[in-house]
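Results of the structural survey
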Amino acid sequence: MKQPKLSFWQIWNLSFGFLGVQIGFALQNGNVSRILSDLGADLSSLSLFWLAAPIMGLLVQPIVGAASDRTWNKLGRRLPYMLGGAVVAAAAMMLLPNASMVVAFIPPMLFGLVIFAIKDAAFNVTFQPFRSLVSDMVPPEQRNIGYSVQTLLINIGAVFGSILPFVLTNVVGLENASKAGEVAPSVIWAFYIGATVLLGSVLWTVFRTKEYAPAQYYAYKGLDAEAQTLAEQVRKSRSLGEKLSDFWQTMLSMPRIMKQLALVQFFSWFALFIMWTYFPAAIAQNTWGVGVEWYDGSYIAQMGGVPAHIAAAKGAAGDWVGILYAGYSLFAVLFSLVMAKLANLFGRKLVYSFSLLAGGLGYISFVLFTDPSMTHVNLLITEVEIPKGALGLMLPMIGVGIAWAAILAMPYAILAGALPPEKTGVYMGIFNFTIAAPQIVSGLIAGWILGSVFQNQAVYIVMLAGAAMVLGALSVWLVKEQDVTVTE
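When helices and strands are tallied, the protein shows 20 helices and two strands. When each of the 488 residues of the protein is scored for burial, the buried share is 60%. Taking as baseline every contact in the protein between residues at least 6 positions apart, the subset at least 24 positions apart corresponds to 82%. Working note: accessible area of the protein is about 19200 Å², and carbon and sulfur atoms make up 67% of it.

The structure is reproduced here in C-alpha cells:
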C-alpha cells in the first residue's frame, strides 16, 4: 500500500515540538558554560562538565529508540516519549540556574552538574523520537522536505532561545552580571521562559499528530503485520541477556552507510562541542579583552573576587554569544529554505560537503575579529555598545549557520532510505553514537589542549574546531549513498 503524501501543515505539526526542544538546547549551549563558570568552574575543566550531555545522549537515545519501535498505545508510538521527556526537561530547566539556592544542602556546582545531566537526558528522550516520527509518517518522496522543515523549526527555536538573555537584559532591563556563586537574573528568567515554551510546543505536536495504527504502518512500509506481531511476542519472551545480545547483533548488522557517515559526524560534532563549550570565553578574551587570568579560579580567589568591570565585560560577552548563536541559527533557517532544492539539484553529498567547508572556514576566521574600540549598534529592539570586533563576528556565523543546517538534515536524509522500517527507531538511536562519541572525545581532550597547548587562549581551540570541520567536509566524499532497505 502506497503511503499517502502529507500536507505542509501536517509535516509542520510533526516537528513543531522540536521548536521548543531547540529553545532549550539553545539556552543550554549558550549559557551552561556561563552558569558553570558563575558557580565556580575553571576554564580548562569546562569540557569535562560538558561531558554530561553526550554521555546522556549515548545512554538514552538507543534505549528510547528501541523502546519506541515497540510501543503501540492510544497516544501513539513515538509521542509518549516526547511528552514524558518534555515534562522532565522543563522541570530541570527551572532548577538549573537556581543551583546556588541549595548551597546549604549540596555544593551548587555538584547540584548544577546533576540537574544538567538530568535535563540533557530528558532532552534526549524527547529529541530522539522526533527523528523517527518523520521517517514513520513522511513518504520517501517527501523525505528531503520533511527533514528540512524540521531543520527550519529547530533553527527558529535556536534563534529565540539564543537571544532571550540579551533581550531580557537590554529590553526588559534585567541584570546580566552575576554575583559571586550565583547566576545572572537574565539567565534565570530565560530558562523559565524556555521551559514553558518547550512544554507547550511538544504538547502541540502530541495533540495535533495522529500516528498510524500498527496494521496501517506495516502496510505502508511493506511489512507483514502478522509476522511483525509474532516477532514482537518472541522478543517480549526473551531474557534480558538475550535482548542485549539482539541489540548487539543489530549494531553489528547496521547498514554500511551508517559507518561511513560516522567519520563525517566525528569531525562535525567534535567541532560543535568545542564551540558550545568555549565560545563565551573566546569572545570575552579575544574581542572584549578579558584577561586569561580571570578564568582561573585560584587567581580569582587570590584577588578577592572578580572586579565589577571584568564581570560586566564577561556578562556582555556572554549576552553577545547569544546574539551570535541567534545569527548562525537564522542563517541556518535561511539556508534550510533552499537546502532541499539544492540537494535535489546537485546531490546531497555536494551540498553537505560545501556546508561543512563553509562552517570550518567560519571557525578559522574567528581569530581575525579583535578590534577592541567600542561602537554603538542598533539591533532594532535596542541599542548597545560593543567592540567593533564583536560586530564583525557575525560574518563567520554565516558559514557556521550553513554547516549547522546541513548537519541537522543531510545525514538523516542520506541515512533514512537505508534503514529497515521495523528498526528505524533503534538505528536512529544507534546513529546518535556518532554524535555522542566525538563530543566525549572532545570533552576529554579539549580542556587539556586548551591549557597545555594554547595556554587557555580559547580563540585557538575554536580555530582547531574549524580544522576539524574542514576534515568533515572532505570525508563526506567517502560516503556511498544507497536507498535500499536492509532486512533481517
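In this section: the pattern of salt bridges. Evaluation of the coordinates by the stated rule reveals three salt bridges. A salt bridge links Lys2 to Glu141, with the shortest nitrogen-to-oxygen separation between them at 3.3 Å. Of this pair, Lys2 sits in the segment before α1 (8-15) while Glu141 sits in the loop between α6 (108-137) and α7 (143-172), and the two are 139 residues apart along the sequence. With a shortest N-O distance of 3.5 Å, Arg77 and Asp136 are connected by a salt bridge. Placement of the pair is Arg77 in the loop between α4 (52-69) and α5 (79-95) and Asp136 in helix α6, with a sequence separation of 59 residues. Comparing Arg77 with Asp136 shows no difference in burial state: the two are buried. Through salt bridges with shared partners, a single ionic network connects Arg77, Arg78 and Asp136.

As for its position among the elements, Val441 is in helix α19 (residues 433-453). With 390 residues separating them along the chain, Val441 and Leu51 place their C-alpha atoms 9.0 Å apart. If near-sequence neighbours (up to four positions away) are discounted, Val441 is found in contact with Phe266 and Phe270.

Residues Val87, Val88, Leu110, Val114 and Ile118 make up a contiguous nonpolar surface patch of about 380 Å² in total accessible area. At the level of elements, α5 and α6 are the ones that each hand at least two residues to the nonpolar patch. It is α6 that provides the largest number of residues to the nonpolar patch, a total of three residues. Take Leu110: it is sitting in helix α6. Relative accessible area serves as the criterion here: at 42%, Leu110 is assigned to the partly exposed category.

So, about unusual backbone geometry. Backbone phi values are negative for most residues with the exception of glycine, while trans is the configuration of most peptide bonds. A positive phi is found at Gln455, a non-glycine position, where the angle reads about 50°. In this fold, Gln455 is placed in the loop between α19 and α20 (458-475). Residue Asn456 is not a glycine yet carries a positive backbone phi of 65°. Inspection of the secondary structure puts Asn456 in the loop between α19 and α20. The partly exposed category is assigned to Asn456, whose relative accessible area is 22%.

A few words now on helix α14 (residues 308-346). Two residues of an α-helix separated by three or four positions point the same way, owing to the 3.6 residues in each turn. With 39 residues, α14 extends 53 Å between its outermost C-alpha atoms, agreeing within 8% with the 57 Å of an ideal straight helix rising 1.5 Å per residue. Two residues or fewer after α14 comes Gly347, characterised by a positive phi angle close to 100°.

Okay, helix α12 (residues 256-286) next. Helix length check: α12, at 31 residues, gives a terminal C-alpha distance of 43 Å against a target of 45 Å (1.5 Å per residue), a fit within 8%. The largest bend in α12 amounts to roughly 60° and is located at Tyr278, with the proline Pro280 lying one to four residues further along. Of all 31 residues that make up α12, 26 are buried, and the element is covered over most of its length.

Before going further, it helps to examine the side chain of Asn286. For Asn286, the location among the structural elements is in helix α12. We classify Asn286 as buried; its relative accessible area is 16%. The residues touching Asn286, leaving out its near neighbours within four places in the chain, are Phe366, Val367, Phe369, Thr370 and Val459.

Moving on, we come to the environment of Val384. The topology assignment puts Val384 in strand β2 (residues 383-387). With a relative accessible area of 7%, Val384 lands in the buried category. When the C-alpha atoms of Val384 and Asn170 are compared, they prove to be 7.7 Å apart, with 214 residues separating the residues in sequence. Apart from residues lying up to four places away in sequence, Val384 is in contact with Phe166, Asn170, Thr375, His376, Val377 and Leu379.

It is worth spelling out the confidence of the model for the protein at this point. For the protein, mean pLDDT is 83; residues scoring 70 or higher make up 89% of the total. The least confident element of the protein is helix α10 (residues 225-237), whose mean pLDDT is 67; the most confident is α20, at 96. Low pLDDT, under 50, characterises residues 484-488; the predicted model gives this stretch 12 contacts beyond four residues in sequence or across chains.

Right, let's get into the packing of α7 against helix α8 (residues 185-208). Between α7 and α8, the least distance of the axes is 9 Å, while the angle of their chain directions is 140°. Taken together, the axis directions place α7 and α8 in an arrangement best described as oblique. When you trace α7 past α8, the crossing you get is right-handed. In this structure, α7 contributes Phe160, Leu164, Pro165, Leu168 and Thr169 to the contact, and α8 contributes Ser186, Trp189, Ala190, Ile193, Gly194 and Val197.

This paragraph deals with the side chain of Gln22. Structurally, Gln22 is set in helix α2 (residues 17-38). Its relative accessible area of 5% is what places Gln22 among the buried residues. Apart from the residues within four sequence positions on either side, Gln22 is in contact with Ile154, Gly157, Ala158 and Trp404.

Tracing the sequence through the fold places Phe127 in helix α6. Take Phe127: its relative accessible area is 11%, and that puts it in the buried class. Along the chain, Phe127 and Tyr81 lie 46 residues apart, while their C-alpha atoms are 9.0 Å from each other.

At a minimum axis distance of 9 Å, the contact between α19 and α20 shows a crossing angle of 130°. The angle between the axes of α19 and α20 places the two elements in the oblique class. Once α19 is placed against α20, the crossing between them reads as right-handed. Contacts from Ala446, Ile449 and Leu450 in α19 reach Ala458, Ile461 and Leu464 in α20.

About the thresholds
Residues numbered from 1 in each chain as written. Predicted model: local features only at pLDDT ≥ 70, side-chain atom pairs only at ≥ 80, totals over all residues. Heavy atoms only, no water. Helix = DSSP H or I, 4+ residues; strand = E, 2+ residues; numbered from the N terminus. Buried < 20%, exposed > 50% of the residue type's maximum accessible area, 1.4 Å probe, protein only. Contact = heavy atoms within 4.5 Å. Areas by Shrake-Rupley, 256 points an atom, 1.4 Å probe, with all protein chains shown as cover. Salt bridge = Lys/Arg side-chain N within 4 Å of Asp/Glu carboxyl O. Patch = residues over 30% accessible without salt bridge, like charges linked within 9 Å, V, L, I, M, F, W, Y side chains within 5 Å. Expected span 1.5 Å × (residues − 1). Bend = angle between axes of the 7 residues up to and from the residue. pLDDT = per-residue confidence, 0-100. Axes fitted to C-alpha atoms, helices over the stretch in contact; angles between N-to-C directions. Parallel < 35°, antiparallel > 145°, perpendicular 65-115°, else oblique. Left-handed = near helix turned anticlockwise from the far one by under 90°.

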